[in-house]
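This is what each chain is made of:
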Amino acid sequence: PEAELEARFQAVIDRKDRIEPRDWMPDAYRRTLVRQVAQHAHSEIIGMQPEGGWIGRAPSLRRKAILLAKVQDEAGHGLYLYSAAETLGVSRQELTEALISGRQKYSSIFNYPTLSYADMGTIGWLVDGAAICNQVPLCRTSFGPYGRAMIRICKEESFHQRQGYELLTTMMRGTDEQRAMVQESVDRFWWPSLMMFGPPDDESPNTAQSMAWGVKTHTNDELRQRFVDMSVPQAKALGVTLPDPDLVWNEERGAHDFGQPDWAEFWEVVKGNGPCNAQRVAHRKKAWDDGAWVREAALAFAAHDGGTGGA
Ligand code: ACO
């Protein structure tokens, strides 16, 4: 009976073991995982756009090779995650259609424009830094395929973070104009980076259940705090100012106090009204539509030779 299955399922989670695709799981657990893993996959794929537009404008061959590798990694991350989602019984086609029609979300951060090459550095440092903070704990998430995908993703994210920080370090050693570009970029990306962790805990409808299921292992506010504490010394070493007048070390807590992002802006972006939402989704839709002939050809080929791939 259901209650017994549920008890066995919860016992696996409580001993920090993993749920695998063929194991019994509550429908709501499956739904929450499809929601989170799909949103995560979509974020990787949509996340190629803000940087992809700069590949042709990279200032040197070295910078171009780095950026190209990073954007390709993001495509790979999207694919690992779509594969993990597929083990839950949804197809990539369904997921892509849910993204394009606005039924599924992707990270708010990718709805902000990239205005200068310094943004390539800031995205690596802050956006990928925030992603690592959020994703390292997910390596131990309760659903096996998701956790295993995260291990490889985190290794690649570390390279992304490093290349961004290195780019900014180089610019900070340059001219006054370059230093100003870095500061301006950090000013724009700091608050949206804090928003990546999701709404404050008391406004996060999913956190409690996701923690009980071991899907999330930390709350949104816990990870946001970790990210702020990690970023402050890095900003100092870089020589930039984080644009938060309330940012101060709290000796008693052993952590930084900091200001709140504009949560009204966050919800607008999540609802689809951010600066680049329409553009990002339209671009993805065009790529999906333009690729229809490839999917059709692959299916026709598989049907023709019995799916053996010509072997
Ligand atoms: N951008 C867009 N939507 C968000 C964001 C965000 N930054 N934060 C929260 N939301 C959405 C949630 O998806 C949820 O909506 P839904 O119920 O319709 O799905 C709603 O806001 C309320 O938030 P929570 O209850 O806090 O949602 P959840 O428990 O899923 O926590 C979080 C949100 C922290 C983003 C979680 O889903 C997560 O850890 N996801 C995996 C990491 C990820 O997706 N990273 C993508 C960006 S990093 C990168 O690609 C480089």
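So, how was this worked out
- Residues numbered from 1 in each chain as written.
- Predicted model: local features only at pLDDT ≥ 70, side-chain atom pairs only at ≥ 80, totals over all residues.
- Heavy atoms only, no water.
- Helix = DSSP H or I, 4+ residues; strand = E, 2+ residues; numbered from the N terminus.
- Expected span 1.5 Å × (residues − 1).
- Buried < 20%, exposed > 50% of the residue type's maximum accessible area, 1.4 Å probe, protein only.
- Arc of directions from axis to C-beta.
- Contact = heavy atoms within 4.5 Å.
- Near = heavy atom within 4 Å.
- Polar contact = N/O pair within 3.5 Å; in protein donor to acceptor, adjacent residues only side chain to side chain.
- Areas by Shrake-Rupley, 256 points an atom, 1.4 Å probe, with all protein chains shown as cover.
- 1 Å grid on protein atoms, 1.4 Å probe; cavity = no way out; pocket = protein on both sides within 12 Å on 5 of 7 lines; lining within 4 Å.
- Sits in = over half its atoms within 2 Å of the grid points.
- Nonpolar A, V, L, I, M, F, W, Y, C, P; charged D, E, K, R; others polar.
- Lys, Arg positive; Asp, Glu negative; His and termini not counted.
- Salt bridge = Lys/Arg side-chain N within 4 Å of Asp/Glu carboxyl O.
- Points joined across faces, edges and corners; volume = space filled by probe spheres on them.
- Core = buried A, V, L, I, M, F, W, Y, C linked by side-chain atoms within 4.5 Å.

- Naming follows an unreviewed UniProt entry, where the chain appears as 1,2-phenylacetyl-CoA epoxidase subunit PaaA of Promicromonospora alba.

**A short note on helix H1 (residues 2-14)**
Part 1: Given a rise of 1.5 Å per residue, 13 residues ought to cover 18 Å, and the 18 Å separating the end C-alpha atoms of H1 matches this to within 8%.
Part 2: All of the buried residues along H1 are Phe9, Val12 and Ile13. Looking straight down H1, one finds that the buried residues subtend no more than 100° of arc, so they occupy a single side. Residues of H1 that are exposed and angled more than 90 degrees away from the buried face: Ala3, Arg8 and Asp14.
Part 3: Taken together, the buried residues of H1 touch helix H2 (27-46) and helix H9 (207-212).
Part 4: Of the residues one or two after H1, Lys16 is the one with positive phi, at around 60°.

**Observations regarding the site of the ligand**
Part 1: The immediate surroundings of the ligand are formed by 29 residues, with Gln39, Lys105, Ser108, Ser204 and Lys216 found nearest.
Part 2: Between the ligand and the protein, one listed contact pairs an oxygen atom with a side-chain N or O atom of Arg35 at 2.9 Å.
Part 3: Residue Asn220 places a side-chain N or O atom 2.8 Å away from an oxygen atom belonging to the ligand.
Part 4: For the ligand, whose free accessible area comes to 960 Å², the fraction covered by protein is 91%.
Part 5: Here the ligand occupies the largest pocket.
Part 6: At the level of elements, H2, helix H6 (118-135) and helix H11 (263-273) are the ones that each hand at least two residues to the shell around the ligand.
Part 7: Ranked by residue count, the leading element in the shell around the ligand is H2, at six residues.
Part 8: Partitioned by chemical class, the residues of the shell around the ligand number 13 nonpolar, 12 polar and four charged.

**Some points on the side chain of Arg284**
Part 1: Mapped onto the fold, Arg284 is located in helix H12 (residues 277-290).
Part 2: No salt bridge is formed by the buried Arg284, whose closest oppositely charged neighbour, Asp289, lies at an N-O distance of 8.6 Å.
Part 3: With sequence-adjacent residues up to four places away left out, Arg284 is seen in contact with Ile45, Ile46, Gln49, Thr96, Leu99 and Ile100.

**A look at unusual backbone geometry**
Part 1: We note that Lys16 has phi near 60°; this positive angle belongs to a residue other than glycine.
Part 2: Of note, Lys16 is situated in the loop between H1 and H2.
Part 3: On the accessibility criterion, Lys16 (74% relative accessible area) is exposed.

**Comments concerning empty space enclosed by the protein**
Part 1: Counted by the stated rule, this structure contains one cavity of 30 Å³ or more.
Part 2: In terms of lining, the largest cavity is formed by Arg63, Ile66, Leu67, Tyr117, Met120, Gln163 and Leu167.
Part 3: Those elements giving two or more residues to the lining of the largest cavity turn out to be helix H4 (61-86) and helix H7 (144-172).
Part 4: Broken down by element, the lining of the largest cavity gets its largest block of residues, three residues, from H4.
Part 5: Of the residues belonging to the lining of the largest cavity, the class tally is five nonpolar, one polar and one charged.

**What about the nonpolar core?**
Part 1: Membership of the largest hydrophobic core comes to 39 residues, with the highest contact counts inside it found for Trp125, Val182, Trp190, Phe227 and Val240.
Part 2: At the level of secondary structure, the elements contributing two or more residues to this core comprise H4, H6, H7, helix H8 (176-195) and helix H10 (220-238).
Part 3: Once residues within four sequence positions are removed from consideration, Val182 is found in contact with Ala118, Leu168, Met171, Met172 and Val240.
Part 4: By size, the runner-up hydrophobic cluster in this structure holds 29 residues, among which are Ile13, Ile19, Ala41 and Tyr146.

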